[in-house]
Amino acid sequence: KGLMNQGPLKEDEAALFVFGKPKLGSFWNKNVPFPIDVGFFDENGLLLNVEQLEANQRSPVFGLRNYKYVIETPIGWFLKNNVAQGTHYKELLK
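These numbers were taken from a predicted model, which means no experiment stands behind them.

## Quick look at the environment of Leu 48
Thinking step 1. Examined against the element boundaries, Leu 48 turns out to sit in strand E4 (residues 47–53).
Thinking step 2. On the accessibility criterion, Leu 48 (3% relative accessible area) is buried.
Thinking step 3. Taking the C-alpha atoms as reference, Leu 48 lies 6.9 Å from Gly 63; in sequence the two are 15 residues apart.
Thinking step 4. Beyond its immediate chain neighbours, meaning those up to four positions away, Leu 48 contacts Phe 40, Phe 41, Asp 42, Leu 64, Arg 65, Asn 66, Tyr 67 and Gln 85.

This is the structure:
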């Protein structure tokens, strides 16, 4: 369910998704009335790629390869905080 039908994220808020095993799939922004960044992380917790979703966007975005963790943040958060590919997700949870 994630951020569906929720209010906008504050600058210091995020949603973390942890999957039991790595998977190849997609995320969309159905019923999410604000834009977000979606960071896909591999089974080692390293950032693969970041995609942006506009408010209520139903066309999906994908990880570059199998991912185990996904972090949703306010749009532009990864760029603003200089989070580069290969960054471990636990570094973002401080």
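## Points about the nonpolar core
Among soluble globular proteins, nonpolar side chains are generally buried collectively.
Thinking step 1. Core analysis: the largest hydrophobic core is formed by 15 residues, its most contacted members being Leu 3, Phe 27, Val 38, Phe 40 and Val 70.
Thinking step 2. In terms of residue count, the dominant contributor to this core is strand E3 (residues 36–41) (three residues).
Thinking step 3. Residues contacting Phe 40, with those up to four places away along its chain left out, are Phe 27, Leu 46, Leu 47, Leu 48, Asn 49, Glu 51, Val 61, Phe 62, Gly 63, Tyr 67, Tyr 69 and Val 70.
Thinking step 4. Of all hydrophobic cores here, the second largest spans nine residues; its members include Phe 41, Leu 47, Phe 78 and Tyr 89.

## Topic: the packing of aromatic side chains
Pairs of aromatic rings are described using the distance from one ring centre to the other and the angle between the two planes.
Thinking step 1. Inspection of the entire model under this criterion finds nine aromatic pairs.
Thinking step 2. Consider the rings of Phe 41 and Tyr 89, whose centres lie 6.2 Å apart with planes at 70°: the pair is edge-to-face. Of this pair, Phe 41 sits in strand E3 while Tyr 89 sits in the segment after helix H1 (77–80); the two residues are 48 residues apart in sequence, bridging distant segments of the chain.
Thinking step 3. Judged by relative accessible area, Tyr 89 falls into the buried class, the value being 9%.
Thinking step 4. Between Trp 77 and Phe 78 the ring centres are 5.3 Å apart and the planes differ by 85°, which places this aromatic pair in the edge-to-face class. An identical accessibility class is assigned to Trp 77 and Phe 78; each is buried.
Thinking step 5. These aromatic residues form a ring-pair network of at least three members: Phe 17, Phe 19, Phe 27, Phe 40 and Tyr 67.

## Overview of the pattern of salt bridges
Thinking step 1. Scanning the model with the defined rule gives two salt bridges in all.
Thinking step 2. The salt bridge partner of Lys 80 is Glu 11, with a shortest N-O separation of 3.8 Å. Of the two residues, Lys 80 sits in helix H1 while Glu 11 sits in the segment before strand E1 (15–23), which places them 69 residues apart along the sequence.
Thinking step 3. Its relative accessible area of 59% is what places Lys 80 among the exposed residues.
Thinking step 4. When its relative accessible area of 41% is taken as the criterion, Glu 11 is described as partly exposed.

Reading guide: rules and limits
- Residues numbered from 1 in each chain as written.
- Predicted model: local features only at pLDDT ≥ 70, side-chain atom pairs only at ≥ 80, totals over all residues.
- Heavy atoms only, no water.
- Helix = DSSP H or I, 4+ residues; strand = E, 2+ residues; numbered from the N terminus.
- Buried < 20%, exposed > 50% of the residue type's maximum accessible area, 1.4 Å probe, protein only.
- Contact = heavy atoms within 4.5 Å.
- Core = buried A, V, L, I, M, F, W, Y, C linked by side-chain atoms within 4.5 Å.
- Phe/Tyr/Trp six-rings, centres within 6.5 Å; stacked < 30°, edge-to-face > 60°.
- Salt bridge = Lys/Arg side-chain N within 4 Å of Asp/Glu carboxyl O.

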